[in-house]
Amino acid sequence: MIEAEAPNLSDDGAPRTPDRLRRRASRLLSQLTTRSDRLINEGLARVDARKWHYAVLASLQDLGPGSQAALSGRTGIYRSDLVGVLNELAERDLVERTPDPRDQRRNIITISPSGRRHLRRLDRVLDVLHDELLAPLAPAEREQFVQLLTRLLDHHSQPS
């Protein structure tokens, strides 16, 4: 094997990541997102929940009842996917659907008392998972990291 074809391995034989890749914020964010999604999805699955369950329950608790269209906008869940999520939550008595008094064709979704209890449980689960995800960072660094991510997301979410 010639030098150019030799694998890029560290002294212990593990593949090394080139510095130019480690300096690319987009790549780092992508890799961290993949690891974060896996950690959160697996952690929530252990308590028979999904991240979309949490998003809907948190939205209902924090912003109040809403139509399916409103919930779709609040959570970023496509309307067609949201129907399935709401069906799962309703089957578990975590949300209630009632006809909108102003438009009988539309339902208003409300978090139920058991949904509030379940949300508190999911908050505790996610607190532990986020501690695991952000373990190398000190509390002040965690807060700064979230602030920086929020600022970036807010900037890139603005209409052009």
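For the structure itself, look to the data block above.
In short, a report on the structure. Keep in mind that what you see is a predicted model, and the values were worked out from it rather than measured.

1. Here we look at the packing of helix α2 (residues 25-45) against helix α6 (residues 113-133)
Two elements in contact, α2 and α6, have axes whose closest approach is 10 Å; the angle formed by their N-to-C orientations is 145°. For the crossing formed where α2 meets α6, the hand is right-handed. The segment α2 lies against α6, with Leu 32, Ser 36, Leu 39, Ile 40, Gly 43 and Leu 44 engaging Leu 122, Val 125, Leu 126, Leu 129, His 130, Glu 132 and Leu 133. Tallied by class, residues from the contact of α2 with α6 come to nine nonpolar, three polar and one charged.

2. As for the side chain of Ser 72
With respect to the helices and strands, Ser 72 occurs in helix α4 (residues 68-75). Classification of Ser 72 as buried rests on a relative accessible area of 12%. Sequence-distant contacts of Ser 72, defined by excluding residues within four places in its chain, comprise Ile 77, Tyr 78, Arg 79 and Leu 82.

3. Considerations on the packing of aromatic side chains
By the definition in use, this model includes zero aromatic pairs. Between Lys 51 and the ring centre of Trp 52, over which it is positioned, the NZ or CZ distance is 5.8 Å.

4. Overview of the pairing of strand β2 (residues 95-100)
It is a general feature of regular strands that their side chains alternate between the two faces of the sheet. Relative to strand β3 (residues 103-111), β2 is paired through six bridges, and the arrangement is antiparallel. Each bridged residue has a counterpart across the sheet, and for Thr 98 the counterpart in β3 is Ile 108. In textbook terms, the turn of a hairpin is the stretch between consecutive antiparallel strands, and for β2 and β3 this stretch comprises two residues.

What counts as what
- Residues numbered from 1 in each chain as written.
- Predicted model: local features only at pLDDT ≥ 70, side-chain atom pairs only at ≥ 80, totals over all residues.
- Heavy atoms only, no water.
- Axes fitted to C-alpha atoms, helices over the stretch in contact; angles between N-to-C directions.
- Helix = DSSP H or I, 4+ residues; strand = E, 2+ residues; numbered from the N terminus.
- Left-handed = near helix turned anticlockwise from the far one by under 90°.
- Contact = heavy atoms within 4.5 Å.
- Nonpolar A, V, L, I, M, F, W, Y, C, P; charged D, E, K, R; others polar.
- Buried < 20%, exposed > 50% of the residue type's maximum accessible area, 1.4 Å probe, protein only.
- Phe/Tyr/Trp six-rings, centres within 6.5 Å; stacked < 30°, edge-to-face > 60°.
- Lys NZ or Arg CZ within 6 Å of the ring centre and 35° of its normal.
- Pairing = 2+ DSSP bridges.

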